[in-house]
Amino acid sequence: MPREITYREALREGLDEELAYDDNVIIIGEEVAEYNGAYKVTEGLWKKWGDKRIIDAPISEAGFIGMGIGASMLGIRPVMELMFFSFAYVAFDQMMNNAATCRYMSGGLINVPIVVRGPANGGTNVGATHSHTPENIFANMPGLKVVTPSDAHDAKGLIKSAIRDNDPVYFMESTVLYGMTGTVPSNDEIEGGELLVPIGKAKVKREGSDLTLIAHGRAVVTCLAAAEILAEKHHINAEVLDLRSIRPLDEEAIMASVRKTHRAICVEENKPFCGVGAQISSMIMEQAFDDLDAPVLRITSADAPAFYSPPIEKLQLPNPDEIVARALSIC
Amino acid sequence: MASKTANQSTVPFADAPINQSLTAADKIELLRQMIRIRRFEQTSLKHYHNGSIGGFLHLYIGQESVAVGSISLLGEHDHVITAYRDHGHALAVGMGMNECMAELFGKATGCSKGKGGSMHYFAPDKNYWGGHGIVGGQTPLGAGLAFGVKYKGLKGCCLCYLGDGAINQGAFHEALNLASLWSLPVIYIIENNGYSMGTSQARSSAFPKEGLAARAEGYNMDWDKIDGVSLYEIRAGVQKAVERAHEHCRPTIIEILTYRHKGHSVADANAEKYRTKEEIQEYMNKHDPIEFWKNTLIAEGVISEDDYKTINKEAGAEADAAAEFAIKSPYPDESEIFDDIYWEVDNNTEAGRSGRHFFHG
């Protein structure tokens, strides 16, 4: 039976299934075991799987992520939780140099099947240090994969695929999405008996004909709300394309949608400079220029560090009204 | 820095069981390995100067005993990882001169197909995990290799080498904490050549009077300090740490005093400015580990001066042949630029075929 479960529960199910699927899967992170996870994603897993598989790490991101990279070279499949993806910055050398380049520099002799996961979002009034959205930064590095599920279904299906992937996958979640429910099929109704969402395949979340809203992560939810407003109040039928992963990027799905609607807005919670939308709009310009009826627009977070003050921070992030206004400017 | 002179005895260390078990042939093989490393690097230096080798070349000359002595102790489930001064460890684990030399020349026949260069040798089939360019960056990986060994329930360890300049990197301290906290069978070997590039130990590190490795006490970890001139001393000392790792799954830090005859890299223009010529000469003449081992073996009646000359000549010929091999080898093809980035793409899996993995400006 399809079930309504939260994004958090979906992630946990995915992790739990992979722990059962492969003895080499382990979870390491701050507070993931006895504390049950700072955001309760791993709740109950330590009790079920024990000390060997679910390991509380000291506050030492460079150390434990680097350690996970070393272990992954020997075939362990570590799933490392960053309490906030912002903390990746203290593990940057390990995540950029060691995880991403060992395969290349060894001429393909080594692979690093590690997953680093955690929330990468603003909007929760925790100030600039805890609100980074580094998907564009990590997607800049060949050798890495960047995955950004926007709903419960994909959170489960993509975390399972990420863990089975033989390359390093940086899996960026959202604390705002953790409590959101979505429909997730139970395994007995899926052919093959489990939910695996392939990395690199975008998903049309809402069919439309007038405009494509291209988004990832929580911005998908924002775009779906905007699309409803556009339909109800302005008779504009917007398509919402959820990228699901930034690298690899489903270029075909982007171009197919743009060729259908002839208009595109890239929406993301990233900062604007070299954001994901910058890459995508450039690709659209090159590959689908003749199909466009309007310039490709980009909507991002405000180009400033995250503002603490709750009402102001809200204004920094993309919101449905802003998307509607920008859509009206090109439709 | 080393303190023993080439004609001092290390009899107590020679008496250690691990050294008593060495046959004459074993001892000669250790000498041969050190000489092979030196001749390999002398040959590479020549070709660096004639422009055949690009980038950096961090030579190990003077430090050969450290890699050869410690790696000679390892077995099937023991692993090695090091920093960028990695040629010695590579040859000591059994990598061939040909693929190592060809890598320096940037050729397709190199151990990393020309993609890694001098600082990035790898041979996972020999439990050799690099060759890492960022100072200290390999130290958490060393803990991870040890974690992997332990997780799989194997009796093994990881020797993780670093220079004395690396001991001040944060990643190293995080790795030490994890190694002790989680009882990982990792042995950190600080190859103390006295200089953090051009900055002396006195100007770069604060440490207890007992030495750099004594910082281990802060992490509730065992440590040792070894004079790197003598293979006997290195083997006796490192063996204790290997046993600790194998039998008790506990980490160790070992400081091995050594000296690099050359600069930080060949590009180090100040190699004779931050160190006096007299100091360098002193170490070359009186503390050279190959000379020391040679004299030890002659004193033991294991080899003659002529045997030494033969080994040296053979190693030189092997290095020259490796250079010839490298020169004759083709450069990698441009088409290989996008190979070896993603396992899934290389193996043409469904995951490797989904979505665009590579972007073009």
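Residues numbered from 1 in each chain as written. Chains lettered and ligands numbered in written order. Predicted model: local features only at pLDDT ≥ 70, side-chain atom pairs only at ≥ 80, totals over all residues. Heavy atoms only, no water.

Asks: How would you summarise the packing of aromatic side chains if you had to cite specific residues and measurements?
Replies: One pass over the full model with this rule turns up 16 aromatic pairs over all chains. A centroid spacing of 5.1 Å and a plane angle of 85° characterise the contact between Phe138(A) and Tyr170(A), whose relative ring orientation is edge-to-face. Within this pair, whereas Phe138(A) is found in helix H5 (residues 135–139), its partner Tyr170(A) is found in strand S7 (residues 169–173), the two being separated by 32 residues in sequence. Judged by relative accessible area, which is 0%, Tyr170(A) ranks as buried. Ring geometry for Phe172(B) against Tyr188(B): centres 5.4 Å apart, planes inclined by 80°, an arrangement best described as edge-to-face. Within this pair, whereas Phe172(B) is found in helix H8 (residues 170–181), its partner Tyr188(B) is found in strand S4 (residues 186–192), the two being separated by 16 residues in sequence. (Phe/Tyr/Trp six-rings, centres within 6.5 Å; stacked < 30°, edge-to-face > 60°. Helix = DSSP H or I, 4+ residues; strand = E, 2+ residues; numbered from the N terminus. Buried < 20%, exposed > 50% of the residue type's maximum accessible area, 1.4 Å probe, protein only.)

Asks: Describe in detail the domain arrangement of chain A, supporting the description with residues and values.
Replies: All names here are of chain A. In terms of domains, chain A is made up of domain 1 (3–189) and domain 2 (203–330). The gap between the C-alpha centroids of domain 1 and domain 2 is 26 Å. Taken together, the contact pairs 30 residues of domain 1 with 26 residues of domain 2. For the domain 1 and domain 2 pair, buried surface summed over both sides reaches about 2100 Å², with 50% attributable to carbon and sulfur atoms. Salt-bridge contacts for Lys 205 lead to Asp 151; the nearest nitrogen and oxygen are separated by 2.3 Å. In this structure, the connection of domain 1 to domain 2 is made through 15 residue pairs in polar contact (both at pLDDT 80 or more). Listed by contribution, the elements that provide at least two residues to the side of domain 1 that touches domain 2 are H5, strand S6 (145–147) and helix H6 (152–164). Each residue belonging to the side of domain 1 that touches domain 2 can be placed in one class, and the counts come to 12 nonpolar, 14 polar and four charged. (Domains from an automatic or database assignment. Contact = heavy atoms within 4.5 Å. Buried area = accessible area lost by both parts, 1.4 Å probe. Salt bridge = Lys/Arg side-chain N within 4 Å of Asp/Glu carboxyl O. Polar contact = N/O pair within 3.5 Å; in protein donor to acceptor, adjacent residues only side chain to side chain. Nonpolar A, V, L, I, M, F, W, Y, C, P; charged D, E, K, R; others polar.)

Asks: Lay out H6(A) in plain terms, naming residues and giving numbers.
Replies: Across its 13 residues, H6(A) extends 19 Å between first and last C-alpha, which sits within 8% of the 18 Å expected from 1.5 Å per residue. H6(A) sits mainly inside the fold: 12 of its 13 residues count as buried. (Expected span 1.5 Å × (residues − 1).)

Asks: Outline the pattern of salt bridges, listing residues and values.
Replies: Inspection of every chain in the model, using the stated rule, returns 40 salt bridges over all chains. In this structure, the salt-bridge partner of Arg103(A) is Asp346(B), at a minimum N-O distance of 2.7 Å. In this pair, Arg103(A) sits in helix H4 (residues 92–105) while Asp346(B) sits in helix H14 (residues 343–346), so the two residues belong to two different chains. Look at Arg103(A) and you get buried, because its relative accessible area is 7%. If you follow the salt bridges from partner to partner, you end up with Arg3(A), Glu13(A), Glu17(A), Glu18(A), Lys156(A), Lys160(A), Arg164(A) and Glu194(A) in one network.

Asks: Requested: an account of the interface of chain B and chain A, with residues and values cited.
Replies: Opposite the 47 residues of chain B that make contact, chain A presents 58 residues. Carbon and sulfur atoms make up 64% of the surface buried where chain B meets chain A, a total of about 4300 Å² over both sides. Its largest share of buried area at the contact with chain A, chain B owes to Tyr151(B), Tyr342(B) and Phe359(B), together 17% of the area lost on that side. At the junction of chain B and chain A, the tally comes to two salt bridges. When residues of the side of chain B that touches chain A are traced back to their parent elements, those giving at least two are helix H7 (138–151), H8 and H14 of chain B. By residue number, the principal contributor to the side of chain B that touches chain A is H7(B), which donates nine residues.

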